[in-house]
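Close look at the chain arrangement
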Amino acid sequence: MKGRDFIITGLQPWDIPIGSNAIDIAKEISKDNRVLYVNSALDQMTIYRNQPKPEIKQRMEVYRKQKESLRQISNTLWVLDFPFSVWSINELPDGFLFDFFNRFNNKKIFRYINKIAGALRFNNVIHFIDNDIYRSFYAKEYLKPSLSVYYRRDNLQPFAYWKKHVGRLEPLLIQKSDLVVCNSPQLADFARSFNAKSFDIGQGVDLSAYDRTLEHKSPEELEKIALPRIGYIGDINSLRLDADLIYELAKSKPEYSFVMIGNEDKLFASHSLHSLKNVFFLGSIPKHMVPTYMSSLQVCLNPQLINEITIGNYPRKVDEYLALGKPVIATRTATMDLFKEQVYLCSSVVEYQVALELALLEDNEEKARQRVLFAQSHSWNNNVDRLYKCIQKELP
């Protein structure tokens, strides 16, 4: 697909310091098409809190008229922020009152998007909604795209912020979208019960930085930690990771070093894991340093909890681990079954213990090569090609 105009309303801001599916998809689409990536408008409560986060800083500066609202990233890619705020409505009771103010917010947002899109001479727009259930709910009415595509990359319904309204609104948004695409079979199965034109297009991963042939010097803080190092890199979040499983595994293998890299939530910060001498929490690291730290691990982990959030979740980090040729041990889920030929899948602490020994014993160059090839098959190019095929079937 070439020469089309896409507007992407992103739930994750362009300036977020972690990986983002919508941002990677925008970059891939912009290779052959024009893309306007729209950051979520700041609500009044976020402005009042004024938290010093990278994903908020740029939007705050635009809101304060310190920066222009439109940034040009490349010849075919722009990012839009809003010079105004919208109502904070999430705490309103579900139903008429919420819908009234949400429609007001949507009208304000898309009136401005239409103005900018007009100035850029965008025509016959394809609108790609990145899990943005509230602030893109009335987009079809106000933007009037040639095609409305809802991207369901996460199940937001169990999260506290979304619980009050999303159970009602997401099915309605799925129903009125022209096309629904998802990054796992489980997420697509849910969507298909409300819209028959719902498809699993899989997941893409930007593996350009995860090149096994590059030489990575082991960071000094890792050099001080004894081998073998068994590690996890990512958000250390108790909604997604099984802290007790990690504790029991590390406790049972005192001769191994367990390295946790990323921001901890409150549960992890106060967990008994911190009492174990062979467990090391290194905190957050810059995104560009992730491949370097990952290269210094002997085995990589993805010890997920099994719940509504993770059951259909596609873990990008597993592809990143594999792209560096690392042995990977992960909790068995329906989505992780896609990785069963390359990853040790486990359902208990005992299985993790056995898998850890096998991962260290069986690792060799041929296995590493197969892991790399498997990960490389999950490129964003392949993922967006699948998206294009779905879109082309639905275009008028």
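Below, the structure is looked at part by part. All residue numbers refer to position in the chain's written sequence, counted from 1. For a predicted model such as this one, the threshold for reporting local features is a pLDDT of at least 70, and the threshold for listing and counting side-chain atom pairs is 80 or more; totals across whole chains, interfaces and linings nevertheless cover every residue. Hydrogens and water molecules were not included; the side-chain quantities draw on all heavy atoms of the structure.

Some thoughts on the overall build of the chain
Under the DSSP-based scheme used, a helix requires at least four consecutive residues in state H or I and a strand at least two consecutive residues in state E, with every element numbered from the N terminus. The number of helices and strands found in the chain is 15 helices and 14 strands. Within these notes, the globule rule equals 2.2 Å times the number of residues to the 0.38 power, and the radius of gyration is based on C-alpha atoms. Taking 2.2 N^0.38 as the reference for a compact globule, 396 residues should give roughly 21 Å; the C-alpha atoms of the chain span a radius of gyration of 22 Å, in line with that estimate. Sorting the 396 residues of the chain into buried and exposed places 56% on the buried side. Should any heavy atoms of two residues lie within 4.5 Å, those residues are counted as being in contact. Counting only contacts in the chain whose residues sit at least 6 apart along the sequence, the fraction spanning at least 24 positions is 69%. Here, Shrake-Rupley sampling with a 1.4 Å probe gives the accessible areas, and only protein chains in the shown set may cover a residue. In the form shown here, the chain has an accessible surface area of approximately 17800 Å², with 53% of it arising from carbon and sulfur atoms. Charged residues are defined here as Lys and Arg on the positive side and Asp and Glu on the negative side; His and the ends of the chain fall outside this count. By convention, charge coordinates are those of NZ in Lys, CZ in Arg, CG in Asp, or CD in Glu. On the chain, the mean spot of the 51 positive side-chain charges and the mean spot of the 47 negative ones are 7 Å from each other. With a 1.4 Å probe rolled over the protein chains alone, any residue whose accessible area is under 20% of its type maximum counts as buried; one over 50% counts as exposed, and the rest are partly exposed.

Quick look at unusual backbone geometry
For the bond from Leu-227 to Pro-228, the omega torsion is -10°, close enough to zero to count as cis. Examined against the element boundaries, Pro-228 turns out to sit in the loop between helix 8 (220-223) and strand 9 (229-233). The residue Arg-121 is not glycine, and still its phi comes out positive at about 60°. Along the polypeptide, Arg-121 turns up in the loop between helix 4 (96-119) and strand 5 (126-130). With a relative accessible area of 68%, Arg-121 lands in the exposed category. A positive phi angle is found at Asn-124, which is not glycine, with a value near 45°. One can find Asn-124 in the loop between helix 4 and strand 5.

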